[in-house]
Amino acid sequence: MKKDDISTEEKIINASIELFSEKGFDSTKTSEIAKNAGVAEGTIFRYFKTKKDILMSIVTKAIQFFSEKFIVLPLNKVLHSEKPEEEILADLLKDRYEMISKNFSIIKVIGTEALTKEKIREKLVEHIAIKTLEIGEEFYQNGIEKGIFRDLPPRTVVRSLFGSIMMLIAEQQFFPHDKKSKDVDKEISTIVEIFMNGIKSRKEQ
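Counting starts from 1 at the beginning of each chain's written sequence and moves along it residue by residue. Residue-level local features of this predicted model are given only where pLDDT is at least 70; pairs of side-chain atoms are given and counted only at 80 or more, and the full residue set underlies all totals for whole chains, interfaces and linings. Side-chain metrics in this entry use all non-hydrogen atoms of the structure; hydrogen atoms and water are not considered.

### Things to note about the layout of surface pockets
Gaps between atoms show up when a probe of the same size as a water molecule is rolled over them. Only protein atoms enter the calculation, which uses a 1 Å grid: trapped sets of points that fit a 1.4 Å probe without letting it out are cavities, open sets showing protein on both sides within 12 Å along at least five of seven lines are pockets, and any residue with an atom within 4 Å of a point is a lining residue. Grid points are joined across faces, edges and corners, and a volume is the space filled by probe spheres set on the points. Put simply, the largest pocket is a space of about 680 Å³. Surrounding the largest pocket, 21 residues form its lining, Ile 100, Ile 128, Ala 129, Thr 132 and Met 166 being those nearest its centre. Secondary structure elements with two or more residues in the lining of the largest pocket: α4 (51–79), α5 (85–102), α6 (104–114), α7 (118–145) and α8 (154–174). With 7 residues, the single largest contributor to the lining of the largest pocket is α8. Within this model, the second largest pocket holds a volume of roughly 440 Å³. Residue lining of the second largest pocket: 17 residues in total, with Leu 152, Ile 194, Phe 195, Met 196 and Gly 198 positioned closest to the centre. Secondary structure elements follow DSSP: runs of H or I of four or more residues count as helices, runs of E of two or more count as strands, with numbering from the N terminus. Going through the elements one at a time, α8 and α9 (184–197) are the ones with two or more residues in the lining of the second largest pocket.

### Focus: the packing of aromatic side chains
Between the rings of Phe, Tyr and Trp (Trp by its six-membered ring), a pair exists once the centres lie within 6.5 Å; its type follows the angle of the planes, with under 30 degrees stacked, over 60 edge-to-face, and the other angles tilted. In total, this model carries 5 aromatic pairs according to the counting rule given. Aromatic pair Tyr 140 and Phe 149: ring centres 4.8 Å apart, planes at 5°, arrangement stacked. Summary of the burial criterion: residues with accessible area below 20% of their type's maximum are buried, those above 50% are exposed, and those between are partly exposed, where the area comes from a 1.4 Å probe applied to protein chains only. A relative accessible area of 5% places Tyr 140 in the buried class. With a centroid separation of 6.5 Å and an interplanar angle of 75°, the aromatic rings of Tyr 140 and Phe 195 are classed as edge-to-face. Here Tyr 140 is found in helix α7, whereas its partner Phe 195 is found in helix α9, with 55 residues between them in sequence. Judged by its relative accessible area of 24%, Phe 195 is partly exposed. The structure contains a cluster of three or more aromatic residues connected by ring pairs, namely Phe 139, Tyr 140, Phe 149 and Phe 195.

### With respect to the UniProt feature "DNA-binding region" (unreviewed entry) in the protein
When the UniProt feature table is mapped to this numbering, "DNA-binding region" (unreviewed entry) covers residues 29–48. Across residues 29–48, helical content stands at 75% and strand content at 0%; the span's end C-alpha atoms are separated by 14 Å. UniProt positions are given in the numbering used here, feature names are shortened, and annotations may be inferred rather than shown by experiment.

If you want it as structure tokens, here you go:
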């Protein structure tokens, strides 16, 4: 979609996402949003009563969008495939890595504001965090029943797995270039290897 084809409301939302991501909600002025969106400041208030309304609009739309398109559907598609578990896990982590990396600006806005705004935190937990955990737990529990995975608490395992990929994403987003892992695919393969086989040495006795 060309910029000229984007509605005024979308321009305001897109400009807000960019600025909230860079400066944070509290440090962003509506005049800056207007300038970034290429509209008059008064125009913003024809669509949103306050700056907070912009934020809530962004978060509500983003969480609903992410919940179905980027959480439920892709996770179910990957986790319910007929591939071996190692391949499923690798596909899952690659899918999550690519999704979060491509949408990092809006995810950063949601995550930052969720720390201090209870309504945003509640929406995030209800629509994304809990759904992600439940789908992951179901996958792990099925693996236990098939005798593929050890009988460990599914939620603990799922948190550990997603924690690993989130740390990789954080490294790629925030570390200096010379400190980043150069081969993300190899990193993901190693995470899967650790997950499936552990870190204990298997030297012959």
